[in-house]
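Single-letter residue listing:
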2 protein chains.
Amino acid sequence: MSPTPSAAAGPSGGAAPGGSGLAPGGSGPPGFGDLLHERVAARRSQLVLGLDPDPARLWPRALEIAATSGGERGAETDPGAAARTTDAGPGAARRAAEAVAIHCALAIDAVADHCVAVKPQMACFERLGAAGWSALAEVIAHARRHDLLVIADGKRGDIDVSAAGYAHAFFGHTQTPFGVVSGLGVDALTVNPLLGFEALAPLLAAARERGAGLFVLVRTSNPGAAEIQERRLASGATVSEHLADLVAQAGATGVGQAGLSDVGAVTGATAPERLRELRERMPASVFLLPGVGAQGGRVEDLAPAFSPGPAGGLVTVSRGLVHAHERDGGDPAQAAAREAERLRRLAWALVG
Amino acid sequence: MSPTPSAAAGPSGGAAPGGSGLAPGGSGPPGFGDLLHERVAARRSQLVLGLDPDPARLWPRALEIAATSGGERGAETDPGAAARTTDAGPGAARRAAEAVAIHCALAIDAVADHCVAVKPQMACFERLGAAGWSALAEVIAHARRHDLLVIADGKRGDIDVSAAGYAHAFFGHTQTPFGVVSGLGVDALTVNPLLGFEALAPLLAAARERGAGLFVLVRTSNPGAAEIQERRLASGATVSEHLADLVAQAGATGVGQAGLSDVGAVTGATAPERLRELRERMPASVFLLPGVGAQGGRVEDLAPAFSPGPAGGLVTVSRGLVHAHERDGGDPAQAAAREAERLRRLAWALVG
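Quick caveat, the model's predicted, so the values are computed rather than measured.

**Section: the overall build of chain A**
Logical step 1: Secondary structure assignment for chain A yields 13 helices and 10 strands.
Logical step 2: Looking at chain A as a whole, 65% of its 352 residues qualify as buried.
Logical step 3: The long-range fraction of contacts in chain A, counting pairs at least 24 apart against all pairs at least 6 apart in sequence, stands at 74%.

**Details of the interface of chain B and chain A**
Logical step 1: Across the contact, 74 residues belong to chain B and 74 residues belong to chain A.
Logical step 2: Here the residues of the side of chain B that touches chain A are counted per class, giving 36 nonpolar, 24 polar and 14 charged.

**Some points on the environment of B:Pro310**
Residue and element names in this part refer to chain B.
Logical step 1: Position of Pro310 among the secondary structure elements: in the loop between β9 (287–289) and β10 (313–317).
Logical step 2: Here Pro310 falls in the buried class, since 20 other C-beta atoms lie within 10 Å of it.
Logical step 3: Sequence-wise, Pro310 and Ala41 are 269 residues apart; in three dimensions their C-alpha atoms are separated by 7.3 Å.
Logical step 4: Beyond its immediate chain neighbours, meaning those up to four positions away, Pro310 contacts Val40, Ala41, Gln46 and Val351.

**A look at helix α13 (residues 332–349) of chain A**
Residue and element names in this part refer to chain A.
Logical step 1: The terminal C-alpha atoms of α13 lie 26 Å apart, and with 18 residues this matches the ideal 26 Å at 1.5 Å per residue to within 8%.
Logical step 2: For α13, every residue scored as buried is listed here: Pro332, Ala335, Ala336, Ala337, Arg338, Glu339, Ala340, Glu341, Leu343, Arg344 and Ala347.
Logical step 3: Looking at the packing, one finds that the buried side of α13 touches β1 (47–51), α3 (90–111), β10 (313–317), α11 (319–322) and α12 (324–328).

**Regarding the relation of the copies chain B and chain A**
Logical step 1: Mapping chain B onto chain A calls for a screw motion: a turn of 180 degrees about the axis and a shift of 0.0 Å along it, with 0.0 Å RMSD after fitting. The operation mapping one copy onto its partner corresponds to a two-fold rotation axis.
Logical step 2: When the interface residues of chain B are mapped onto chain A, 100% of them are again interface residues, pointing to one common binding face.

**Things to note about the pairing of strand β4 (residues 173–176) of chain A**
Residue and element names in this part refer to chain A.
Logical step 1: Of the two faces of β4, the one holding His173 and Gln175 and the one holding Thr174 and Thr176 are both buried throughout.
Logical step 2: As judged from the 4 bridges shared by β4 and strand β5 (residues 179–182), these two strands associate in the antiparallel manner. Across the sheet, His173 pairs through a bridge with Ser182, a residue of β5.
Logical step 3: Hairpin connection of β4 to β5: 2 residues between the antiparallel strands.

**Notes on the sheet that holds strand β8 (residues 263–267) of chain A**
Residue and element names in this part refer to chain A.
Logical step 1: Strand order around the closed barrel formed by 8 strands is β1-β2-β3-β6-β7-β8-β9-β10, with parallel pairing between neighbours. The average undirected angle you get between the axes of adjacent strands in this sheet is 30 degrees.
Logical step 2: Sheet analysis places strand β3 (residues 149–156) next to strand β6 (residues 188–191), joined by 3 bridges and oriented parallel. Opposite Arg156, over in β6, you have Val191 as the bridge partner.
Logical step 3: Along the sheet, α3 makes contact with β1 and β2 (117–120), crossing β1 at roughly 165 degrees.

**Describing the environment of A:Gly28**
All names here are of chain A.
Logical step 1: Of note, Gly28 is situated in the segment before α1 (32–43).
Logical step 2: Judged by local crowding, Gly28 falls into the exposed class, with 11 C-beta atoms found within 10 Å.
Logical step 3: Between the C-alpha atoms of Gly28 and Glu209, which are 181 residues apart in sequence, the distance is 7.7 Å.

**A closer look at the sheet that holds strand β8 (residues 263–267) of chain B**
Residues and elements named next belong to chain B.
Logical step 1: Strand order in the closed barrel formed by 8 strands is β1-β2-β3-β6-β7-β8-β9-β10, with parallel pairing between adjacent strands. With direction set aside, neighbouring strand axes in the sheet form an average angle of 30 degrees.
Logical step 2: Examined bridge by bridge, β8 and β9 share 2 bridges and lie parallel to one another. Residue pairing across strands places Ala265 opposite Phe287, the latter belonging to β9.
Logical step 3: Along the sheet, helix α13 (residues 332–349) contacts β1 (47–51) and β10; its crossing angle with β1, the most-contacted strand, is approximately 140 degrees.

**With respect to unusual backbone geometry**
Logical step 1: Positioned with a positive phi, A:Lys155 is a non-glycine residue whose angle comes to about 45 degrees.
Logical step 2: Tracing the chain through its elements places A:Lys155 in strand β3.
Logical step 3: Residue classification places A:Lys155 among the buried residues on the basis of 27 C-beta atoms within 10 Å.
Logical step 4: Of note, the phi angle at B:Asp160 is positive, near 60 degrees, even though the residue is not glycine.

**Points about the confidence of the model for chain A**
Close inspection of predicted coordinates is inappropriate for parts of the model with low pLDDT.
Residues and elements named next belong to chain A.
Logical step 1: Residue-level pLDDT values for chain A average 90, and 89% of them are 70 or greater.
Logical step 2: Predicted confidence for residues 1–26 stays below pLDDT 50, and this span has 50 contacts to residues more than four positions away or in other chains.
Logical step 3: Counted against residues more than four places away or in other chains, residues 71–75, with its pLDDT under 50, gives 7 contacts.
Logical step 4: With pTM at 0.92, the complex prediction returns an ipTM value of 0.91.

**Observations concerning the packing of helix α3 (residues 90–111) of chain B against helix α5 (residues 129–145) of chain B**
Residues and elements named next belong to chain B.
Logical step 1: Packing of α3 against α5 brings their axes to within 8 Å, and their N-to-C directions diverge by 20 degrees. By the angle between their axes, α3 is roughly parallel relative to α5. When the axes of α3 and α5 are compared, the crossing they make is right-handed. For the pair α3 and α5, contact is made by Ala93, Arg94, Ala97, Glu98, Val100, Ala101, Cys104, Ala105 and Ile108 and by Gly129, Ala131, Gly132, Ser134, Ala135, Glu138, Val139, His142 and Ala143, respectively.

**Considering α1(A)**
Residue and element names in this part refer to chain A.
Logical step 1: For α1, spanning 12 residues, the distance from its first C-alpha to its last is 16 Å, which sits close to the expected 16 Å at 1.5 Å a residue.
Logical step 2: Of all 12 residues making up α1, 10 are buried, and the element is well covered by its neighbours.
Logical step 3: Within α1, the full set of buried residues consists of Phe32, Gly33, Asp34, Leu35, Leu36, His37, Glu38, Arg39, Val40 and Arg43.
Logical step 4: The inward-facing, buried residues of α1 abut β3, β6 and β7 (213–219).
Logical step 5: One or two positions beyond α1, positive phi appears at Arg44, with a value near 50 degrees.

How each quantity is defined
Residues numbered from 1 in each chain as written. Chains lettered and ligands numbered in written order. Predicted model: local features only at pLDDT ≥ 70, side-chain atom pairs only at ≥ 80, totals over all residues. Helix = DSSP H or I, 4+ residues; strand = E, 2+ residues; numbered from the N terminus. Buried ≥ 20, exposed ≤ 12 C-beta atoms within 10 Å, placed from the backbone. Contact = placed C-beta atoms within 7 Å. Nonpolar A, V, L, I, M, F, W, Y, C, P; charged D, E, K, R; others polar. Expected span 1.5 Å × (residues − 1). Least-squares fit on C-alpha atoms with pLDDT ≥ 70 in both. Pairing = 2+ DSSP bridges. Axes fitted to C-alpha atoms, helices over the stretch in contact; angles between N-to-C directions. pLDDT = per-residue confidence, 0-100. Parallel < 35°, antiparallel > 145°, perpendicular 65-115°, else oblique. Left-handed = near helix turned anticlockwise from the far one by under 90°.

Below you can see the structure in the form of C-alpha cells.
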C-alpha cells in the first residue's frame, strides 16, 4: 500500500467518542466541529466510506473468512438461495450478518488510511434483524480501531419520548432495572427535520453531551428530492433554504474553536449548483455530501462546501469504493484503496 | 373482563399479513385498505395500542415474570442502576429486552379485545440494541396471536438502495448466500416524505406486494410541527397540504373495494382543526391519529377523520393506556382495559 495520510495522525487510541481532540476549553469532550477539524487535518482526508452492504454482493474474501469461522451450523453458502423466498431461519440471519460484518471490516481495512470516517447505512443492517444490529456494533468497533469517526446514516426523526429513545440508541444509554444499556455511541447521526427542530432537540442535546453531532437533511441527492425540498415558500425561500436557516440557528450555540458547528447538513453532491446558496445560509455547518459516483455527483463540483476550511465538507462514497473492482478490475480491496486515494486527493485539492 | 367486541371477529388465524380479508378480486392478498376495513368492522374498534416501552417504567408484573424466567445470569433487578452510567454488559440488555417484551405482551393481553392494531415505536426497541430488535419481533408475534394488525412506527425515509433496505427490513425479505432472511413482516410502517415520493416508491411497492400499507407524515402531533409543516408555499397551500396532495396521488392506485387506499397519513390529534381540510385533500386515506391523552388530543374532536367510514381513522394511544393506573389507580392491566374500552366507545360513537 502506498504511503498513507494517516501516518500523520500519530498514536491515537480510538476510544469512543473521538479520542483526542482540541482542548475542550473546560470540562467535557471537544465539540463535534473541533473534533472533525482535528481529524480531517491529521488525516488530510474528507473522505467517508459509506457502508451499505448487500448480502448478495459481498466481497468473495468475506465469504471465505465466514466459511472458516463457522459456528454450529457451518457457514456453507446456499447456492439456491436466490430462487427461494422461504425464510431460512435465524441461522441464516446470523451467518449473513457475520459475513456482512467481515465484509465491512475488510472494506474498512482497505480504505481506512485514505478516509476520516465511515457512514453505515442503518437500513442495510436492520434488514438482517437482531443479527444485523449486532453486526453493526462490530463494524463500529472495527472503525474505531482504525481511528475513524462513525456517522450513522439513519435519517431518524421523531418526537418527545421517541426522540429521546433514538438519542439513547445512538448517543446515550438507557437506564433499566438490570443496569445501564449503552447505545451505539456514534459520533454523528443523520436526522430528518420535517417534524421541526423542537423535535430534534433531545437528539442534539444527547449528541452534544458526548461531543457528537447531527447532520440534518437539507437537500438530498435523489432525483425526486425537488418535489418537496425545492418548493418555494411564500417567504421566497425554498423549503431547503428554510431548513438551512433553521440548521444555522440550531447550530449557532455549538460552534467550536475551529469555526465549525455540531449541527451539519446533508447536501447532495448531485445538486452542486445549490451548494453556494446553502453555504451562505449555513456558514458554520459541515456539509455531508452523498451522491458522488453511482449517483452521478463529481468531487470537483463541491468547492463551496469547503469555504469554512478543510473540514467544511465530507465526501461520502459507498458503492464507488466497495464495488470499484467491478469497474476497474483486480482485487476488491486494492481497487477500493486506489479509488479512495484518488477521491481523497481530488477533495483535498479543493482546499489546497 | 366485560364482553368484548372481538367476539364478533370470528375464528381468524392471525397469520401474517393480516389473515382473512375481503376477496382480493384476483390473486394476492387484499389491499391494506380492505384489510383494515374488515378488521375495524369485525372488532368494532379504531383503537391502536401504542407501544413505547420505557425499561424504567415497566409494569411490576412484567418484572416478576422476568425474574422467574431467569437465564444464566439470573434476572435480579439492580436497584442502584439509576445512579450509574456504566454499561452493564450484554446481559443487562438481554434481560431488559426480555422484560420489555413481557411488559408489551401483558399490555397487549390487557387491551387486545378493545383494539384493532398495535403500534410499536422503533426507537424504544432500538435503544436496547440487538436484544431490543429480538424483543420487537416477539412483540409482533404476540400481537398476531391476538389477531391485531401491526403498524411499525419508524418514520423511515431514505433513497435508492437504502429505501429498498428498509423495504426488506419491514415488509420483505433479504436474499443472502446463506438463505432468505425475513423482515419484520408488519402490516404498515410510518414513513417520512421529505425526500419525495420517488424515494418512497420502493417501500410502497414492497408494502403492496404483501397487502400492507404506509402512513406518511403529513401533520404531526408535536408542538413544533408547525415550524416546517405549516409554512405556506408560494402556491398557497401549506407544506402539510402539499404533502396531503402527494399522499392522495400516491394512494390513488391503491384504493380497495371499501374505498380506502393503502397510503395513509399521520395527522396528529393535537391539531383537529386541520383534519377537515386534510380530509378533503385525502378522501381515501386512512388517518393515523396520534396525540390523544398525554399530548392533549381528544377523541371527540376527530370526526372528520371518519368521513370515509369507520376505518377512515385510527386512534393511537400509548401512555394513556399503559400508564392509566397511575392516574386511575388499581391494577395496570385492568386500568388499561377500562381506559381502552372507554376510548374505543368514544371513537366508535363518532361513526355510529
